[in-house]
Structure formats: C-alpha cells, structure tokens
Amino acid sequence: MKQFKFSVLLSILVVLFGACENKNNSNDNEEKIYKTPYVDFTHFTEGRECNYVAFRCLHESQDKSWQEQNLSDGLDTFELTPEVMKKRKDIVQRWRDEEDGKAQEEDMKTAAISEAFYDRVEAKKFLVDMAERLEKEFPGFWRDVAKPVRYRWIRRAMSKAKNFGYKSTKPGPMMELCARIGLDFDKDAKWQYIVKFITSDPKNIGTNMGKACHYIDWTILNKTHGYTGTKITDWSMRRTNGWLPYPKKPYPKLGGK
C-alpha cells in the first residue's frame, strides 16, 4: 500500500514539474521574439540610395573617406600576376618535396618566407573570389567601383564579422548580409531582430548570419533559394523560429512543390 501511494505521489510530481517546465519554455520563447514592425520591401528601401542590392545602394557607398584609405597590408593593390601565381605553385611543390624528403637545405631556409608569401596570396585570392561571387549573385553589384575599393569594403565586412565574435578567417555569411543591408545594419532599428537572432547562439554565429540572409532573400527579395543554392523551406529555416518575424508568405514545406 505504501509503495502504491509513493508511486502515485511520484507521478503527480512529474506532471507538475513538466507543466512548470513547459510554462518556463513558453515564457523563454516569448522573450526571444523581438517586437518590431515587419520589414517589407517598402520598409527595406527606406534610407537606401536605391531599391535593389548593389554597392551603390548601401549607405556606406556615399562615404568616400574610407574608400580612399589603403589597407595597411597592401592587399587592396596587391595583384595576382602570372609571376605571383607561378611562385605560389613553386612553393606548394617545394612543400610536397619536403614531405617526400626531397627538399634541399636551401629550400628549408626559405620555408618561413614562403609560408608568409603563400598566406598573402591566399588572402588576396579570397578577396577576389568574394568580389566575383557578389557580382555573380547580383549582376551589376559593383558596376564601375574600382577594385581596390571593393576589397576595402570586403575587409570592412570581415572586421564586422570579427566584432560579432565570428572566428572564421573567411566570413562569407557576414559579407553576404552586409551586401544586402549595409555594414552598419546593427545600428539600424529595423534590423535589430536580425542582430538579436545572430547573437542568440555564439557557437553558431556564422550559421545564423547565413539564415538571416536567406530570410531577407525570401521575405524581401522574393528568392526561392539562398546564396548557397539551397532551397528555402520551413525545415531549412526552422532555426529562425521565435527570433525572426514569421514571413507573410509562408515558407514552402520540405519536400513540397
């Protein structure tokens, strides 16, 4: 009899604890949602120089001061000439020879210099690739913007990612986001729910930046696929639930037409 009473009491406690936990989760979810007007295309264009995605539409495009400042490491003017790329190729071959035990003593002495040069080339290649990627994604994004200015803008976006705590040395998601809503989006009240969402999970800042881009693509730019080529669905965007206002046009269901 005592055992029966104990079992009944235990069951009651489990039910009560579960109810309290559900209530707390519900409150947490309500606190996550940032109360802000839904940003539609009209609201999106407010404060922009033009109403599409291009460098000249961004607020920072009007500020010439930073555009005229050379990068401290000179990568904005460093060119990937055929001679530079040949030297890079030779360095890679030398490293392979070293791994195979074929490296000469003189090669070993220049290893540190070679690594620094290789890293410099790779850093510039990233700037070039990112600039080309934005142009491919949004034809006419750069138009007549000088290449050094393009690279300076990309580096500013990279610094932005670092300020957000994103540790990747190639923060593509942040550059994608800044291309859409500008380098100073975190200072604009209408994008505060984006900021809140990005910083909600420090371990997944890069992923959240990417989802924020997909959200903007779906809700404002009427795109069906994100910049990664992945179809935007209710499943792919599940991470945004409770953080970003639910779209007026529902996401298509995973597997749906």
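Residues numbered from 1 in each chain as written. Predicted model: local features only at pLDDT ≥ 70, side-chain atom pairs only at ≥ 80, totals over all residues. Heavy atoms only, no water.

Quick notes on the nonpolar core
Buried together is how nonpolar side chains tend to be arranged in soluble globular proteins.
Point 1. Residues Trp 153, Leu 177, Phe 185, Trp 191 and Ile 194 are the most contacted members of the largest nonpolar core, which totals 60 residues.
Point 2. At the level of elements, helix 4 (82-99), helix 6 (111-137), helix 7 (147-163), helix 8 (172-181), helix 9 (192-198) and helix 10 (205-219) are the ones that each hand at least two residues to this core.
Point 3. Per-element accounting of this core gives the leading share, nine residues, to helix 6. (Core = buried A, V, L, I, M, F, W, Y, C linked by side-chain atoms within 4.5 Å. Buried < 20%, exposed > 50% of the residue type's maximum accessible area, 1.4 Å probe, protein only. Helix = DSSP H or I, 4+ residues; strand = E, 2+ residues; numbered from the N terminus.)

Brief notes about the state of the cysteines
Point 1. Considering all chains together, one arrives at one disulfide under this definition.
Point 2. Across the disulfide from Cys 50 sits Cys 57; the S-S distance is 1.7 Å. Every disulfide takes its handedness from the sign of the S-S torsion; for Cys 50 and Cys 57 that torsion is -105 degrees, giving left-handed. Residues Cys 50 and Cys 57 agree in their burial class; the two are buried.
Point 3. Distance from the sulfur of Cys 178, which forms no disulfide, to the nearest cysteine sulfur (Cys 213) is 8.6 Å.
Point 4. Judged by its relative accessible area of 0%, Cys 213 is buried. (Disulfide = S-S within 2.5 Å.)

Considering the packing of aromatic side chains
Centre distance and the angle of the planes are the two values used to describe a pair of aromatic rings.
Point 1. By the definition in use, this model includes 14 aromatic pairs.
Point 2. Ring plane angle 40 degrees and centroid distance 6.5 Å describe the contact between Phe 138 and Phe 141, whose orientation is recorded as tilted. Grouping residues by exposure puts Phe 138 and Phe 141 together as buried.
Point 3. Seen from their ring centres, Tyr 193 and Tyr 215 are 6.2 Å apart, and the 80 degrees between their planes marks the pair as edge-to-face. Placement of the pair is Tyr 193 in helix 9 and Tyr 215 in helix 10, with a sequence separation of 22 residues. (Phe/Tyr/Trp six-rings, centres within 6.5 Å; stacked < 30°, edge-to-face > 60°.)

Concerning helix 8
Point 1. Of all 10 residues in helix 8, 10 are buried, a share of seventy percent or more.
Point 2. Gly 172, Pro 173, Met 174, Met 175, Glu 176, Leu 177, Cys 178, Ala 179, Arg 180 and Ile 181 are the residues of helix 8 that are buried.
Point 3. Once helix 8 finishes, Gly 182 follows within two positions and takes phi at roughly 95 degrees, a positive value.

Quick look at helix 7
Point 1. Over its 17 residues, helix 7 extends 25 Å from the first C-alpha to the last, a length consistent with the 24 Å expected when each residue adds 1.5 Å.
Point 2. The set of residues buried in helix 7 consists of Val 149, Arg 150, Tyr 151, Arg 152, Trp 153, Ile 154, Ala 157, Met 158, Lys 160 and Ala 161.
Point 3. Backbone geometry just after helix 7 places Gly 165 at a positive phi near 95 degrees. (Expected span 1.5 Å × (residues − 1).)

Some points on the pattern of salt bridges
Point 1. Across all of its chains, the model carries 11 salt bridges by this definition.
Point 2. Its salt-bridge partner being Asp 90, residue Lys 86 comes within 3.1 Å of it at the nearest N-O pair. Separated by four residues within a single helix, Lys 86 and Asp 90 lie in helix 4, roughly one turn from each other.
Point 3. Accessibility expressed as a relative area gives 36% for Asp 90, which makes it partly exposed. (Salt bridge = Lys/Arg side-chain N within 4 Å of Asp/Glu carboxyl O.)

Quick look at the confidence of the model for the protein chain
Low-pLDDT portions of the prediction should not be read for the details of their coordinates.
Point 1. Per-chain confidence: the protein chain averages 85 in pLDDT, with 79% of residues scoring 70 or above.
Point 2. Long-range and interchain partners of residues 8-30, a stretch whose pLDDT sits below 50, account for one contact in this model, where long-range means more than four residues apart. (pLDDT = per-residue confidence, 0-100. Contact = heavy atoms within 4.5 Å.)

Describing the packing of helix 8 against helix 10
Point 1. Running from N to C, helix 8 and helix 10 cross one another at 30 degrees; their axes reach a closest spacing of 8 Å. Crossing geometry of helix 8 relative to helix 10 is assigned as left-handed. Touching Pro 173, Met 174, Glu 176, Leu 177, Arg 180 and Ile 181 of helix 8 are Gly 206, Met 209, Gly 210, Ala 212, Cys 213, Ile 216 and Asp 217, all from helix 10.
Point 2. Among the residues making up the contact of helix 8 with helix 10, the classes are represented as eight nonpolar, two polar and three charged. (Axes fitted to C-alpha atoms, helices over the stretch in contact; angles between N-to-C directions. Left-handed = near helix turned anticlockwise from the far one by under 90°. Nonpolar A, V, L, I, M, F, W, Y, C, P; charged D, E, K, R; others polar.)

Here's the deal with the environment of Tyr 166
Point 1. Residue placement: Tyr 166 occurs in the loop between helix 7 and helix 8.
Point 2. Residues Tyr 166 and Gly 206 lie 40 residues apart in sequence; the distance between their C-alpha atoms is 6.5 Å.

Let's talk about unusual backbone geometry
Point 1. Of note in the backbone geometry, Arg 143 takes a positive phi value of approximately 50 degrees without being a glycine.
Point 2. Mapped onto the elements, Arg 143 comes out in the loop between helix 6 and helix 7.
Point 3. Phi at Asn 222 is positive, roughly 60 degrees, even though this residue is not glycine.
Point 4. Along the chain, Asn 222 falls in the segment after helix 10.
Point 5. With a relative accessible area of 57%, Asn 222 lands in the exposed category.

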